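# Coordinate analysis (summary)
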Amino acid sequence: MTNVSMAAGRAERQTVFRSFPSVPRNVKAYFFLAPAVLVFSVLVLYPIAHSIWISFFDMTGADLFSASNKAEWVGLSNYLELLEDPRFHVSVQNTLLWFCLFMLALPAGLGIALLVNQTAPGVWLYRSLFFFPFVISQVVVGLIFTWFYDPRFGLVGKLWDWMGAAPPAILGEPGLVNFGLIAAGLWPQTAFCALIYLTGLCNLSQDQIEAARLDNAKGWKLLRYIILPQLRSATFIAFLVTAIGALRSYDLIVIMTDGGPYGSSRVLSYFMYEQALSEYGTRQGYGAAIAVVLFLLTMTVLSIFIWRTLKSEAED
């Protein structure tokens, strides 16, 4: 009786749907995509376009909300000033250094994933220890490494004292501070990459692995020719997230050095904040120009990687 009633109801609904005029499939697709496109346009595309527009003005924070709008059109002057600003040069160099060294999170994360992808007793405990940095706040990470680097009571200072040498002030030396910051950022980023790779390892084709082992493939050859090709999608995601994290690095710098010593740890995101949004930063137009440069740098890096990935898949 129930099945008959369900069938009758289904037939009635189909009859009602047929009574409406037919709608092309592409129109239906646009209808369902419209809310997402609207939200993306309002929250992403409009702020990008507005930042580009602001970068052509000389304005302060008060000008953004002033009815008189005293902002002055200066064209490309903000960008030309950036080319002559030594602080901008330092910020670009540090940003590129962050990007290059942050890529170490990929092989490190893959190594950890291979290590904990075992069935040994208690492996869940090791996985928890390796993945713990990923779930804690960047503020906590910054505080932990600030204490860790402290030459008076930190672990680094104790190790140097044990070796009978004067401990270095890692966060106080212009030549060391960026490496100390990047090491702090790599700790949670490596855990994230390990989590991505571990997910990929759980979805490997065991038939291919067994076939390769029957052909006496093991060690590096098994990893290179069998496992890594199947982890291509995991590598794609890990690279994108790591690259974006490196290029927009900001929070650790604020917590650990505040751009010092002597501005040697500035990156583009912090330089933008310093010029436009900080306590003494009132140059919104200049900060918007820095934001545009950072946006173009990020899009260039990601576009090149995506293009090469698509080209490699097409060749395969």
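From a predicted model like this one, the values you see are computed outputs, not experimental measurements.

Here helix H6 (residues 105-116) crosses helix H10 (residues 177-201) at 55°, and the two axes come no closer than 7 Å. With respect to each other, H6 and H10 are oriented oblique. Here H6 runs over H10; the crossing is right-handed. Contact residues: Ala105, Leu106, Ala108, Gly109, Leu110, Ile112, Ala113, Leu114 and Val116 in H6; Leu186, Gln189, Thr190, Cys193, Ala194, Tyr197, Leu198 and Leu201 in H10. Residues of the contact of H6 with H10, tallied by class, amount to 14 nonpolar, three polar and no charged.

In this section: helix H7 (residues 123-135). A rise of 1.5 Å per residue sets the reference length of H7, with its 13 residues, at 18 Å; its end C-alpha atoms lie 19 Å apart and thus fit the reference within 8%. The largest bend along H7 reaches roughly 30° and is located at Leu129, with the proline Pro133 sitting one to four residues downstream. Those residues of H7 that sit buried are Val123, Phe131 and Pro133. Next to the buried residues of H7 lie H6 and H10.

The next subject is the pattern of salt bridges. Should the charged atoms of two oppositely charged side chains come close, the side chains can pair. Per the stated rule, a full pass over the model turns up four salt bridges. With a shortest N-O distance of 3.0 Å, Arg152 and Asp150 are connected by a salt bridge. By relative accessible area, which is 63% here, Arg152 ends up exposed. Under the relative-accessibility criterion, Asp150 is labelled buried at 12%.

Moving on, we get to the packing of aromatic side chains. This model, assessed by the stated rule, comprises 19 aromatic pairs. Geometrically, the ring pair formed by Phe145 and Phe148 is edge-to-face, given 5.9 Å between the ring centres and 65° between the ring planes. Of this pair, Phe145 and Phe148 both sit in helix H8 (residues 138-149), three residues apart, roughly one helical turn. Using a relative accessible area of 13% as the deciding quantity, one classes Phe145 as buried. Judged by its relative accessible area of 29%, Phe148 falls in the partly exposed class. Residues Phe271 and Tyr286 carry aromatic rings whose centres are separated by 6.4 Å and whose planes lie at 85° to one another, so their mutual orientation is edge-to-face. On the criterion of sequence distance, the pair formed by Phe271 in helix H15 (residues 268-276) and Tyr286 in helix H16 (residues 284-315) is long-range, its members being 15 residues apart. Looking at Phe271, the relative accessible area reads 0%, which means it is buried. A connected cluster of aromatic rings, assembled from ring pairs, spans Trp53, Phe56, Phe57, Trp73 and Tyr79. The cationic tip of Arg283 hangs over the ring face of Tyr286; the distance from NZ or CZ to the ring centre is 4.2 Å.

Parameters and conventions
Residues numbered from 1 in each chain as written. Predicted model: local features only at pLDDT ≥ 70, side-chain atom pairs only at ≥ 80, totals over all residues. Heavy atoms only, no water. Axes fitted to C-alpha atoms, helices over the stretch in contact; angles between N-to-C directions. Helix = DSSP H or I, 4+ residues; strand = E, 2+ residues; numbered from the N terminus. Parallel < 35°, antiparallel > 145°, perpendicular 65-115°, else oblique. Left-handed = near helix turned anticlockwise from the far one by under 90°. Contact = heavy atoms within 4.5 Å. Nonpolar A, V, L, I, M, F, W, Y, C, P; charged D, E, K, R; others polar. Expected span 1.5 Å × (residues − 1). Bend = angle between axes of the 7 residues up to and from the residue. Buried < 20%, exposed > 50% of the residue type's maximum accessible area, 1.4 Å probe, protein only. Salt bridge = Lys/Arg side-chain N within 4 Å of Asp/Glu carboxyl O. Phe/Tyr/Trp six-rings, centres within 6.5 Å; stacked < 30°, edge-to-face > 60°. Lys NZ or Arg CZ within 6 Å of the ring centre and 35° of its normal.

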